[in-house]
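Chain residues, written in single-letter form:
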Amino acid sequence: ASFGDTTKTFHATMMMMVNELELEQRRNHQDDHDDMNGIDIRDGADGFSGVIGGGGGGHSRSADLFDSYDMVVSITQSTMNDQLARLTQQGIINPHLIVLQDINRIPSTTTKDDRGPSTRYTTYKSFEQLLSSSSSSGGGGGGDGGVPSGQALNVDLMPAIHITETGTKINFTLTLTNGHAWMYDCVGPSGRLVRYDVHNWQYVVELQTSMMEVDREFLATHKSLPDETRDFMTKLLQRRFSVKCLALDFENSNLFPLKCDLGDQPRLEWQSLVPFMNFYLRDQGKPGNPYILAYAINSDHNTQYEHSIAYTLRPVGTAYLFHYSSSVGGGGLEDDSCSGTLDLYMSTRGLHGSGIAAVPHMANVPGHWIKEEDMMMTDLHQRCDVKIIFGAKALLQEFILKPFYHSLAYQVWDKVSHRVSPVSLEGEFYSVPPYADAATPTDTGYSVTIAHCLTGEDLYGNSYTVDIENSNNNEIELKFRGTIQVFKNFSKDVADGVAEGSVTIVHVWHGSILVSYQQDGDEDAKTDNNSNQKEGDGDNRVVADSSRRKISNASGDKTHPKLTIKTSFQTDDQLSDASESHNKVAGGMSFFMNIIKAVLEDCAFNEDKNFFTSILARAFSTDIPGAGVLDPNNIANLSECVQYAFRLPLAPYMSLHAPTIDTKGNLAMRLHIRNDEEDDGGEVDGR
């Protein structure tokens, strides 16, 4: 009777706690709904149109976003759930929950107001151990079919996350796949301990997430890390990288369930499960939390990279955001399709210096980075699990567009500056402007104005456009078309008047730069910069272990995936025209002819057969900060760019596929996570 009274008191207390938690959960949900009001972008409205992300038309928000960030890593929900499943299968996340609830009376010395049940939960490695403990404490038990001394769970678990809104919260679903639960069938002394069969019970809570510093103390105390991850992180810290992990935050979350589904057990009150699940979730918040979704890797000026990487590709700060998109997959609590992504937003040393701290404003986030068709690949090796996007300033502009601009602008000005002295509209003598001031985005790429001095005695115009396209053979094509204009006016006082003359030169040109994705192990890969070789889609694996840092393709050959440049430029037309007056004046003709000849020699570019060869040679011998002299046959070390930007908890191999690009020059690469179960023939077991 005494134990029955204690049980009754406990259940009454538990029901009060459940009701209070439910009210708090409703209040928090309403607050969150109010915060989101007016900035819902779930349908990708006014989103990022093009090959990198989906969404409606209109001006791309990514243009504003890449003013603050330089790289984005987008990870699908299904990829993160696959990682959680593998962590559970390997025992990194405990796949079993064997727990006993022990209710004890508070000692009689306690004041009357404080009297009540004391509840303790104890976990065990096996059910036999639980029964043995129950037997030794006076309860029933003893082998298979035994009965624990109190309410208990002996179940298998499978965790998953679901992204249901844009922000930093996620829904966490804990599925009790099978096992048994022992619960009292009613409150009071007449309650009997009943065993219930467990089959796919679901417990869903909304969780906060947070970034945690990964340092030597973290690695020493975090016992639930995979060995290869621990080794990799140790080597990163030795090279003075800084690492943060994105983990589920059980300590600062309201753990009252959004949903508690007990399946085919209608006689069991769902509230009976709440204390057990609260105990389990609170326990995960202790040091050693195994629920890590991703790692963000950053560097500083002391970081030691294995190979040279441009400063614009070295992350120094990372923010994150879960993005919900109803246009990619489903999105219900039970739906394990890709209803959203985890997006890591990175700033780099070359463009932002010391890093970032703020999460991107949701109004600036594109509809979604990963398109629905990326997820619907019939060949699983081609499926997109992760997409990494390099902002135009970090890759295309730094390695191609800016070097070309500087080479063309300064080499042409070196020629014409000896003969003309153009003046701007503001009355200042001309000087080559910075690339950022000269380039203007268009619907198809960029319009670049090097010079527009078309007033005064001496005129100089130099401009071109760049159209950015994805070709049909997995190449990126940059189509250039430009015009150079030079006008020289001159005069000379003579005895009977003024001798006047002028020279006009108009030079029209066009060309293209093909950016190809290659493996250095390809037999057909050409190193000739002017080769017309077409490369196909590569299939490479990034080996995440730093001791095996190369890329291997499906046949096992070790390769380094790389971007190569092929160029083709030519002159379309050149108009040269000279005019003069008073040529009959003594000395006028010889004077003009000498000037005209000098101007034509310096400014008639069609006479220089190696003009564009020289421009391209100087453009692609530029010294890129952090990477050294630009190599047209390998403009970026893609494998290290990927490995030293982020990491998943379990991802020894990643297949990299040929890049795509949008009209602003933001370049994206699809990555497919290759599990150990995938063979080289392309079949996937247990996927």
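Overview of the structure.

## Notes on the nonpolar core
In this structure, F172, L273, I400, Y464, L478, F480 and F646 are the most contacted members of the largest nonpolar core, which totals 143 residues. In terms of residues, this core owes the most to one element, helix α9 (residues 396–416), which gives 11 residues. When residues no more than four places from it in sequence are discounted, the contact partners of L478 are L396, I400, L401, V466, D467, I468, G511, S512 and I513. Ranked by size, the runner-up nonpolar core spans nine residues in total, among them V72, Y345, I389 and A668.

## Some remarks on the side chain of S299
For S299, the position within the fold is in the loop between β9 (292–298) and β10 (315–324). Relative accessible area serves as the criterion here: at 7%, S299 is assigned to the buried category. One polar contact links S299 to Y305, side chain to side chain, over a distance of 3.2 Å. For S299, the residues in contact, after removing those within four places along its chain, are F241, S242, Y305, R314, P315 and V316.

## Description of the packing of α9 against helix α12 (residues 611–619)
In the contact formed by α9 and α12, the axes pass within 8 Å of each other and the chain directions differ by 130°. By the criterion of interaxial angle, the relationship of α9 to α12 is oblique. Every pair of crossing elements has a handedness; the one defined by α9 and α12 is right-handed. Seen from α9, the contacting residues are P403, F404, S407, L408, Q411, V412 and K415; seen from α12, they are F611, S614, I615, L616, R618 and A619. Residues of the contact of α9 with α12, tallied by class, amount to eight nonpolar, three polar and two charged.

## Side note on the packing of aromatic side chains
Throughout the structure, instances matching the rule amount to 25 aromatic pairs. Consider the rings of Y464 and W509, whose centres lie 5.8 Å apart with planes at 50°: the pair is tilted. Here Y464, found in strand β15 (residues 459–470), pairs with W509, found in strand β17 (residues 497–519); they are 45 residues apart in sequence, far enough to count as distant. For Y464, a relative accessible area of 4% translates into the label buried. Judged by its relative accessible area of 0%, W509 falls in the buried class. Between the aromatic rings of F480 and F569, the centroid separation amounts to 5.5 Å while the plane-to-plane angle is 50°, which identifies the pairing as tilted. Residue F480 is located in strand β16 (residues 475–494), and its partner F569 is located in strand β21 (residues 561–581); the two are separated by 89 residues in the primary sequence. A residue is classified by how much of its surface remains accessible, and F480, at 3% relative accessible area, is buried. Members of the aromatic cluster, each reached through a chain of ring pairs, are F404, Y464, F480, W509 and F569.

## A short note on the pairing of strand β5 (residues 169–184)
Counting buried residues along β5, 13 of its 16 residues qualify, which places the element largely inside the surrounding structure. In this sheet, β5 lies alongside strand β4 (residues 152–162) in antiparallel orientation, the contact comprising 11 bridges. Counterpart to A160 in the pairing with β5 is T173.

## Here we look at the side chain of S224
Mapped onto the fold, S224 is located in the loop between α5 (216–221) and α6 (227–238). Classification of S224 as buried rests on a relative accessible area of 14%. A polar contact of 2.8 Å, which involves the side chain of S224, links it to the backbone oxygen of G288. Not counting chain neighbours up to four residues away, the residues in contact with S224 comprise I92, R230, G288, N289 and P290.

## So, the environment of A617
Among the secondary structure elements, A617 is positioned in helix α12. Note: C-alpha distance between A617 and F404 (213 residues apart in sequence) is 9.5 Å.

## Concerning the environment of L408
Secondary-structure assignment places L408 in helix α9. Between the C-alpha atoms of L408 and F612, which are 204 residues apart in sequence, the distance is 8.5 Å.

Cut-offs and rules
Residues numbered from 1 in each chain as written. Predicted model: local features only at pLDDT ≥ 70, side-chain atom pairs only at ≥ 80, totals over all residues. Heavy atoms only, no water. Core = buried A, V, L, I, M, F, W, Y, C linked by side-chain atoms within 4.5 Å. Buried < 20%, exposed > 50% of the residue type's maximum accessible area, 1.4 Å probe, protein only. Helix = DSSP H or I, 4+ residues; strand = E, 2+ residues; numbered from the N terminus. Contact = heavy atoms within 4.5 Å. Polar contact = N/O pair within 3.5 Å; in protein donor to acceptor, adjacent residues only side chain to side chain. Axes fitted to C-alpha atoms, helices over the stretch in contact; angles between N-to-C directions. Parallel < 35°, antiparallel > 145°, perpendicular 65-115°, else oblique. Left-handed = near helix turned anticlockwise from the far one by under 90°. Nonpolar A, V, L, I, M, F, W, Y, C, P; charged D, E, K, R; others polar. Phe/Tyr/Trp six-rings, centres within 6.5 Å; stacked < 30°, edge-to-face > 60°. Pairing = 2+ DSSP bridges.

Any functional reading would require information that these geometric values do not contain.
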